[in-house]
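What follows is each chain in one-letter form.
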Protein chains: 2
Amino acid sequence: MDAITVIRAKRDRQALTDEQIDWVINAYTRGDIADEQMSSLAMAILLNGMDRREIARWTAAMIATGERMDFHALDRPTADKHSTGGVGDKITLPLAPLVAACGAAVPQLSGRGLGHTGGTLDKLEAIPGWRAALSNDEMLGVLRDSGAVICAAGDGLAPADRKLYALRDVTGTVESIPLIASSIMSKKIAEGTGSLVLDVKVGSGAFMKNIEDARELAETMVGLGNDHGVRTVALLTDMSVPLGLTAGNALEVRESVEVLAGGGPADVVELTLALAREMLDAAGLPDADPARALADGSAMDVWRRMIAAQGGDPDAALPVAREQHVLTAPADGVLTGLDAYAVGLAAWRLGAGRARKEDPVQAGAGVELHARPGDRVRAGEPLLTLHTDTPERFPAALEALNGDAVRVSADAEAGAGPIVLGRIA
Amino acid sequence: MDAITVIRAKRDRQALTDEQIDWVINAYTRGDIADEQMSSLAMAILLNGMDRREIARWTAAMIATGERMDFHALDRPTADKHSTGGVGDKITLPLAPLVAACGAAVPQLSGRGLGHTGGTLDKLEAIPGWRAALSNDEMLGVLRDSGAVICAAGDGLAPADRKLYALRDVTGTVESIPLIASSIMSKKIAEGTGSLVLDVKVGSGAFMKNIEDARELAETMVGLGNDHGVRTVALLTDMSVPLGLTAGNALEVRESVEVLAGGGPADVVELTLALAREMLDAAGLPDADPARALADGSAMDVWRRMIAAQGGDPDAALPVAREQHVLTAPADGVLTGLDAYAVGLAAWRLGAGRARKEDPVQAGAGVELHARPGDRVRAGEPLLTLHTDTPERFPAALEALNGDAVRVSADAEAGAGPIVLGRIA
């Protein structure tokens, strides 16, 4: 077996054999296949695709390169959620304690932001004292004591994926449905959750720009999960506009706490409850009532325990950016457009995200919305507030919001579109 | 400008801009683009193509990374030839001195073999004492004194291509017409020849397996040459069967000397004369008579001077392999098939070629043919002799010649097919 033969096979539109896939994943993890060989193979996969058998084998081979966690010793069913990433997507923060408050255990291994989409760990690190890195034993302890844990995935889970993901990130080979699906699912299956709900985002602020691609990705992942014994369901949800009224680390924590306190923007509450119901269903708890757990404060209790268990102070003041810049509505009318990608890019440029893995992020930076698409606005009223510690970043952020990113129409009807666009089980 | 944006553009089937191409070639040569980024771009180019403007700019950018040679100080017109590579293709050896004997100067920068095709430098190194590496001054000296020089290309010519070629070789990205054409032509244009004849091989033993691909490659290269002021012509020639009666280093030198002595296999003589006439025409010497220069020994005189000028002894005995194995004809009839790729693979496995750049080659190893396709053969008569210093290589070489590689038919007509299949000017 050699790398060039495998690359040529995929380049020439052949399906890779099981033996070729197992060998490639193992040899790459060991370092016997060079990065430049794996990246040309990744580009060939991106352009020529993989069939369902190839994707399943690729995923299984990545899982087999590392350890598998096991939560069978817990006295509750496990449920996890994964979002493909969007702008203002803070749903994990209220969702994990909410589902735990309803009786499931939620082992939420999360990542950091890269590019215009934020990362759950970056957001939680805005809370003074909170730490993302836990040993497996610490993670199990927080999960047992709080019912939910949000932390960084350990190095032991699917190391092949870790290496391949870093490579794809710098070689223009991220946007491949087989590679995205196998990357997400190898980690989630290795993590050992009993059930999984996928939030597959569609629209300008998401990886998947159209519903067909999102549906294909969702179907691929649901198939992979169920084939490996993880009860898996996917919702297709709108990411053409930002989720909620904030994009940025501390800004999103504040909004999440509002939701846990029974308030918060309607779309964030709606999506949190929709995903909670799917997770509880998949975990075998169909009679749980997540709306009540939000209203009666039990979800907030889990949040406070979970944050404190990882060194965070749930009562501490959150960081606030040193500088603000306000954008006002240009005319009276209805806010018909607020492009998710543009807002994500602006938040990134303000310092909320990173261009390279090793970059720091600003806890206070980001974009705050004063109106949502569908809302009536009046000329001169604040529309957006930009936050940053480094005001020299304002011009580039404002440039991202130029052109068609913000649209106000005099003769449009008020009202927002649906957030859940489809369901795949 | 950044690498990921350029990779994504080609991945998404966009044409690269002039600025993008200049930047990529320079940044890769400097080391600012990593190998794993260039290889995913190369795969995207292989699968999505480049248009004529892109190929021209890519070639010009590669030329600009290095020095350009200049032969205007010579008192003769310069003519060079390049073959895309085949099995038994020793034509450069008799051709360069032959064209020099007819009045042109032939600066022939050549390469080494890789895989199943042989390399001109490996062949000449079978001559005791001969050395391939010359400084630019030494090269000009041999060219001035002998009229022809065959040597290794210096490191200064198109260093971008040198680096990219090595990368393509290990990443399954060799077989791309835009990348092959720009690689060949960047070196030939930088070399400074006034005219160039391309021998574009077609068939199982060539990179191009069918005439359409060969024609596209030839047209691309002829366009690039003429656009850069090099009078360029291409012949499309058959490589479905080996050229001549030998494949292997010393074996091919011996056959080349036979041609220079006025003998040798008919197909080698025919192709040598056809290419010589094209080179002399392109160099502005249409009245030269290469057939006479073969017959009267003047080409042989140039050969002897040229070999001696690079330390070689033209009278020395050539190395002979320690072991031979003879294959005989299975039946009476006409030899209708002798697959070029199979013979090349057998010669490679016997030790005539190398799997990696740093491997040594055996001077005496190779395959000797006792009949050519179209010849009548009789059962039990020798058909092929395999030569190697290491007899443990025989089984793998014989395996390459199994199956359909050698075909004898009782009821076929004797006679060989044409060698020149087309001409592009």
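Residues numbered from 1 in each chain as written. Chains lettered and ligands numbered in written order. Predicted model: local features only at pLDDT ≥ 70, side-chain atom pairs only at ≥ 80, totals over all residues. Heavy atoms only, no water.

Draft legend 1. Local environment of the side chain of T232 of chain A. The topology assignment puts T232 of chain A in strand β5 (residues 231-238). In this structure, T232 of chain A is in contact with M185, L196, L198, M221, V222, G225, N226 and A425 of chain A, ignoring residues within four places of it in sequence. (Helix = DSSP H or I, 4+ residues; strand = E, 2+ residues; numbered from the N terminus. Contact = heavy atoms within 4.5 Å.)

Draft legend 2. Structural view of the packing of aromatic side chains. Taken as a whole and assessed by the stated rule, the structure comprises zero aromatic pairs over all chains. Of note, K187 of chain A hangs over the ring of Y165 of chain A, and the distance from its end group to the ring centre comes to 5.7 Å. The ring of Y28 of chain B carries K163 of chain B above its face, with NZ or CZ at 4.4 Å from the centroid. (Phe/Tyr/Trp six-rings, centres within 6.5 Å; stacked < 30°, edge-to-face > 60°. Lys NZ or Arg CZ within 6 Å of the ring centre and 35° of its normal.)

Draft legend 3. Spatial organisation of the domain arrangement of chain A. All names here are of chain A. Partitioning chain A into domains gives domain 1 (3-49), domain 2 (79-154 + 173-309) and domain 3 (323-409). Using C-alpha coordinates to define each centre, domain 1 is positioned 32 Å away from domain 2. If you look at the interface, domain 1 gives five residues, while domain 2 gives six residues. Summed over the three residues of domain 1 that lose the most area to domain 2, namely A42, I45 and L46, the buried surface amounts to 80% of that side. Linking domain 1 with domain 2 are zero salt bridges. At the boundary of domain 1 and domain 2, one finds zero residue pairs in polar contact (both at pLDDT 80 or more). Considered class by class, the residues forming the side of domain 1 that touches domain 2 number four nonpolar, one polar and no charged. (Domains from an automatic or database assignment. Buried area = accessible area lost by both parts, 1.4 Å probe. Salt bridge = Lys/Arg side-chain N within 4 Å of Asp/Glu carboxyl O. Polar contact = N/O pair within 3.5 Å; in protein donor to acceptor, adjacent residues only side chain to side chain. Nonpolar A, V, L, I, M, F, W, Y, C, P; charged D, E, K, R; others polar.)

Draft legend 4. Seen up close, helix α1 (residues 3-11) of chain B. All buried positions along α1 of chain B are accounted for by A3, V6, I7, A9, K10 and R11 of chain B. Structurally, α1 of chain B contributes buried residues whose contacts are with α3 (35-48) and α8 (159-170) of chain A together with α2 (18-30), α3 (35-48) and α4 (52-64) of chain B. For α1 of chain B, the N-terminal capping position is held by D2 of chain B, with its side-chain oxygen 3.3 Å away from the main-chain nitrogen of I4 of chain B. Note on α1 of chain B: the residue one or two positions beyond its end, R13 of chain B, has a positive phi of about 70 degrees. (Buried < 20%, exposed > 50% of the residue type's maximum accessible area, 1.4 Å probe, protein only.)

Draft legend 5. Geometry of the sheet that holds strand β11 (residues 382-388) of chain B. Residue and element names in this part refer to chain B. Here four strands make up an open sheet; going across it, the order is β6-β9-β11-β7 and the pairing antiparallel. Lying at the two open borders of the sheet, with one neighbouring strand each, are β6 (246-248) and β7 (323-328). Going across the sheet, the axis of each strand differs from the next one's by a mean of 15 degrees, ignoring polarity. Sheet analysis places β6 next to strand β9 (residues 366-369), joined by three bridges and oriented antiparallel. Directly across from G248, in β9, lies its bridge partner G366. Sheet strands touched by helix α11 (residues 249-260): β6, β9 and β11. Its angle to β6, the strand with the most contacts, is close to 135 degrees. Packing of helix α15 (residues 340-352) onto the sheet brings it into contact with β6, β9 and β11, and relative to β9 it is tilted by some 135 degrees. (Pairing = 2+ DSSP bridges. Axes fitted to C-alpha atoms, helices over the stretch in contact; angles between N-to-C directions.)

Draft legend 6. Quick look at the packing of helix α1 (residues 3-11) of chain A against helix α2 (residues 18-30) of chain A. Residue and element names in this part refer to chain A. Taken N-terminus to C-terminus, the directions of α1 and α2 make an angle of 125 degrees; their axes are 11 Å apart at the nearest point. Taken together, the axis directions place α1 and α2 in an arrangement best described as oblique. Between α1 and α2 the crossing geometry is left-handed. Residue-level contacts link A3, V6 and A9 of α1 to Q20, W23 and V24 of α2. Partitioned by chemical class, the residues of the contact of α1 with α2 number five nonpolar, one polar and no charged. (Parallel < 35°, antiparallel > 145°, perpendicular 65-115°, else oblique. Left-handed = near helix turned anticlockwise from the far one by under 90°.)

Draft legend 7. Spotlight on the sheet that holds strand β7 (residues 323-328) of chain A. Residues and elements named next belong to chain A. The strand order across the open sheet built from four strands is β6-β9-β11-β7, with neighbouring strands paired in antiparallel fashion. Strands with a single pairing partner mark the edges of an open sheet, and in this sheet they are β6 (246-248) and β7. Neighbour to neighbour, the strand axes of the sheet diverge by 15 degrees on average, direction disregarded. The strands that helix α11 (residues 249-260) touches are β6, β9 (366-369) and β11 (382-388); relative to β6, the one it contacts most, it runs at about 140 degrees. Strands in contact with helix α15 (residues 340-352) are β6, β9 and β11; relative to β9, the strand with the most contacts, it is inclined by about 135 degrees.

Draft legend 8. Expanded view of the interface of chain B and chain A. With 21 residues of chain B at the contact, the number on the chain A side is 21 residues. Between chain B and chain A, roughly 1,700 Å² of surface is buried when both sides are summed, and carbon and sulfur atoms account for 63% of that area. Seen at the junction of chain B and chain A, the total is four salt bridges. As a salt-bridge pair, R11 of chain A and E175 of chain B come within 2.7 Å of each other at their nearest N and O atoms. Linking chain B with chain A are 13 residue pairs in polar contact (both at pLDDT 80 or more). Elements supplying a minimum of two residues to the side of chain B that touches chain A: α1, α3 and α8 (159-170) of chain B. Here the element with the most residues in the side of chain B that touches chain A is α3 of chain B; it accounts for 10 residues.

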